[in-house]
Amino acid sequence: DHHHDLLQRTRDLQRLSGHDWQVRPVYAGGRLTFYLDWHWRAGRDRTREVLLVDDRNVADVQLDEQGQVANRVLVAGEGTTWDDDRAVAVVEDAASMGVYGLREYADVQPGVSEPGTLANNAAALLAVLKAPRQRFSVVAVNRDPAGFGAYDLGDRVRLHTCAPHGAWALRATVRILGREWRADGTCKLEVETWVS
C-alpha cells in the first residue's frame with residue numbers, strides 16, 4: 001500500500017505542470033458529491049467584456065503579496081547522493097536577471113529520473129517565477145459594468161483601482177484565482193496580475 005496526502009500530491013502536480021484544478025460540488029438527489037476538475041488552463045480571456053472598477057462593482061481592494069522571483073532554477077531528480085548518478089536540470093532567464101539580479105530557486109523531485117522531464121519541470125517553474133506577480137483581495141459587488149455572472153474562476157479580466165491616499169494605483173489584466181460568496185451579498189475574489 002502507498003499512503004500519500006492526495007491534496008499535497010495534487011498541488012505538486014499542479015505546480016509542476018502549471019495546469020489548474022478545482023473541486024466542484026454537486027448536490028443531487030439528497031446527495032453531495034465532489035468532483036475534481038483538471039484543466040490545462042481554467043477560464044477564458046474576458047478582458048474585452050469585464051471591467052472591475054472602484055466604486056462601481058468593486059467595494060475594496062487589498063494588495064496581499066507580490067510573489068517570489070527566481071530566474072535561475074535548479075531541479076534535482078531521484079537519487080540519494082549528489083554525485084553524477086543524480087539527474088539535475090538548470091534553466092535561467094537572462095532578461096529577468098537583468099531586471100532583478102540573480103535570484104535562485106531549487107527543488108528536489110524524488111520521483112523523477114528522466115533528464116527530459118526534469119528539464120521540462122524546471123522550465124515550467126522558471127516561467128512562473130521569473131517575474132513577480134501581484135496578488136490582491138477584491139471585494140466585488142453585483143453591479144455594472146460586470147455583475148457576478150460575467151466572470152468565473154480562471155478568467156482574465158481588467159481591474160482598475162486606486163488605494164486610499166494614492167499609495168498605489170492599478171490598471172491591469174488580472175486572473176481570478178479564487179471566489180468566495182459572502183452573506184452580505186458581496187463576493188471576495190483572489191486575483192493575480194496576468195503575465196502571458
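Remember, it's a predicted structure, so these values are computed and weren't measured experimentally. (Residues numbered from 1 in each chain as written. Predicted model: local features only at pLDDT ≥ 70, side-chain atom pairs only at ≥ 80, totals over all residues. Heavy atoms only, no water.)

Student: I'm lost on the side chain of Thr161 in this one. Help?
Tutor: Mapped onto the fold, Thr161 is located in strand β9 (residues 156-162). Among residues more than four places away in sequence, those in contact with Thr161 are Asp54, Val61, Trp168, Ala169 and Leu170. (Helix = DSSP H or I, 4+ residues; strand = E, 2+ residues; numbered from the N terminus. Contact = heavy atoms within 4.5 Å.)

Student: It is not clear to me how the environment of Val108 should be interpreted in this structure. Could you clarify?
Tutor: Residue position: Val108 is located in strand β7 (residues 104-108). Taking the C-alpha atoms as reference points, Val108 and Leu118, separated by ten residues in sequence, lie 9.8 Å from one another.

Student: I'm lost on unusual backbone geometry in this one. Help?
Tutor: Glycine aside, a negative phi is what most residues show, and trans is what most peptide bonds show. The omega angle of the peptide bond from Asp144 to Pro145 is 15°, so this bond is cis rather than trans. Unlike most non-glycine residues, Asp55 shows phi in positive territory, near 65°. The topology assignment puts Asp55 in the loop between β3 (51-53) and β4 (58-65).

Student: Looking at this structure, how should I read the sheet that holds strand β6 (residues 88-92)?
Tutor: Two modes of strand pairing occur in sheets, parallel and antiparallel, and in both the strands are linked by backbone hydrogen bonds. Strand order in the open sheet formed by three strands is β6-β5-β7, with mixed pairing between adjacent strands. Two strands lie at the open edges of the sheet, namely β6 and β7, each paired on one side alone. Each strand axis lies, on average, 10° off the axis of its neighbour in the sheet, ignoring direction. Pairing geometry for strand β5 (residues 72-76) and β6, over five bridges, is antiparallel. Across the sheet, the residue bridging to Val75 is Ala89, located in β6. (Pairing = 2+ DSSP bridges. Axes fitted to C-alpha atoms, helices over the stretch in contact; angles between N-to-C directions.)

Student: Which parts of the structure should I look at to understand the pattern of salt bridges?
Tutor: Where charged atoms from two side chains of opposite charge come close, those side chains can pair. Considering all chains together, one arrives at ten salt bridges under this definition. Across the pair Arg175 and Asp20 runs a salt bridge, and its minimum N-O distance is 2.2 Å. Of the two residues, Arg175 is situated in strand β10 (residues 169-181) and Asp20 in strand β1 (residues 20-28); the sequence distance between them amounts to 155 residues. The class of Asp20 is buried, set by a relative accessible area of 12%. (Salt bridge = Lys/Arg side-chain N within 4 Å of Asp/Glu carboxyl O. Buried < 20%, exposed > 50% of the residue type's maximum accessible area, 1.4 Å probe, protein only.)

These figures come from the coordinates and say nothing about function on their own.
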